[in-house]
Amino acid sequence: MAANHTPLQFLSGKPKVVVTRHLMPSVEARMSELYEATLNTNDTPMTREQLIAAMQDCDVLVPTVTDTIDAEMIEAAGDRLKLIASFGAGTEHIDLAAAAKRKIMVTNTPGVFTDDTADIAMAGIIGVPRRIREGTALVRRGEWTGWAPSGLLGRKLGGKVLGIVGMGRIGQAVAHRARAFGLEVAYYNRKCLPESLERMLGVRYIKDLDALVGLSDILSLHCPLTDETRGLMDARRIALMKDGASIINTARGELIHQEALIAALQSGKLAGAGLDVYPDEPNVDKRLLEHPNVMTLPHIGSATAEGREASGEKVIANIRFWADGHRPPDQVLTALVG
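Residues numbered from 1 in each chain as written. Predicted model: local features only at pLDDT ≥ 70, side-chain atom pairs only at ≥ 80, totals over all residues. Heavy atoms only, no water.

Draft legend 1. Seen up close, the UniProt feature "domain: D-isomer specific 2-hydroxyacid dehydrogenase catalytic" (unreviewed entry) in the chain. In this numbering, the UniProt entry assigns the feature "domain: D-isomer specific 2-hydroxyacid dehydrogenase catalytic" (unreviewed entry) to residues 17-332. Secondary structure across residues 17-332 divides into 37% helix and 15% strand, with the first and last C-alpha atoms of the span separated by 19 Å. (UniProt positions renumbered as here; feature names shortened; annotations may be inferred. Helix = DSSP H or I, 4+ residues; strand = E, 2+ residues; numbered from the N terminus.)

Structure, rendered in structure tokens:
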């Protein structure tokens, strides 16, 4: 959809906006000022049927990464819907090709959660080798008997190899943090970083993913979910990992074949895992919950007040640019939609 620099016209004078989840109060207040906004103040996830009904009766839909917007839903949306202003950086929950075909613009909110997600990844990178979850549980059960020279021994971080899969904004932020802990950082990416950036981050490129997997003491996943990356860490790749290695996932649950991960944890092949995402959220396999050295977090990588407010502000900005006839700053797939 090419920007014509002429404000768009709407039935009520303002774009009708449907927001699928409860956002930060300041964001919702601003949306209500600027738009004819329908909010979800009780934060109950909308059903597929409710989403379709909303798409049929609004100019702008504001979904989140947990709202699947597939081709059939987009086809059923009717002619009114012209913008999907998604809250969050990921776009795999939206059928972008179907949206482009219907000339529905899609925007997202990249960049605002980089540091927050990197911080949570570091919690796993530090916590799993040091058995933080196991130690916390021991104290909470009242079973800790005091300090002992051989009690709850973990592994030091200094000198270990951190393998990063996916060296975008978040992967780079993790690398920057990891160097301060004495970790040697290697990475795999579709393209290697510029040499100057590699030097600045103190990282080295491994062009073969299997080689990186076998090299790493700790493997941290930061790649998007695509057809190519779904099940990226399957049984074959997990078998390539060092005995006693650990895996951290703050990206998407579907990147790891869950049964293969559980088998490796139960056999002792892997020492532990730090997980913030799961393939069937909010369901978490009880075998992961029962393992003493699996840190299970409730998808809180981006859960800071500052980040969520900034993301909401980006949504508002994208809608305002679009409504004013300009191309939004965070338009996705410009070549297809434009």
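Draft legend 2. Highlighting the packing of aromatic side chains. Scanning the entire structure with this criterion turns up 3 aromatic pairs. Judged by centre distance (6.4 Å) and plane angle (55°), the rings of F87 and F113 are tilted. Here the residue F87 occupies a position in the loop between β4 (83-85) and α4 (96-101), and F113 occupies one in the loop between β5 (105-107) and α5 (114-127), the gap between them amounting to 26 residues. For the pair F87 and F113, a shared accessibility class is recorded, and that class is buried. When the ring of Y187 is compared with that of Y205, the centres are 5.2 Å apart and the planes differ by 45°; the resulting orientation is tilted. (Phe/Tyr/Trp six-rings, centres within 6.5 Å; stacked < 30°, edge-to-face > 60°. Buried < 20%, exposed > 50% of the residue type's maximum accessible area, 1.4 Å probe, protein only.)

Draft legend 3. Here's a closer look at the pattern of salt bridges. Tallying each qualifying case throughout the model produces 22 salt bridges. We note a salt bridge from R30 to E33, for which the minimum N-O separation is 2.8 Å. Placement of both R30 and E33 in helix α1 (residues 25-34) is noted, with a separation of 3 residues, approximately one turn of the helix. For D115, the salt bridge is made with R177, and the minimal N-O distance between the two is 3.2 Å. Here D115 is found in helix α5, whereas its partner R177 is found in helix α7 (residues 169-179), with 62 residues between them in sequence. The partly exposed category is assigned to D115, whose relative accessible area is 44%. Here the salt bridges do not stand alone but share partners, grouping K16, D57, D59 and R80 into one network. (Salt bridge = Lys/Arg side-chain N within 4 Å of Asp/Glu carboxyl O.)

Draft legend 4. Quick look at α7. Every buried residue of α7 is accounted for by G171, A173, V174, A175, R177 and A178. Against α5, β6 (161-165), β7 (184-188) and β8 (203-205) lie the buried residues of α7. (Contact = heavy atoms within 4.5 Å.)

Draft legend 5. Spatial organisation of the environment of P329. Within the fold, P329 resides in the loop between α13 (305-323) and α14 (334-337). Measuring from C-alpha to C-alpha, the distance between P329 and A235 comes to 41 Å, with 94 residues separating the pair along the chain. Excluding residues that lie within four positions of it along the chain, P329 makes contacts with N318 and F321.

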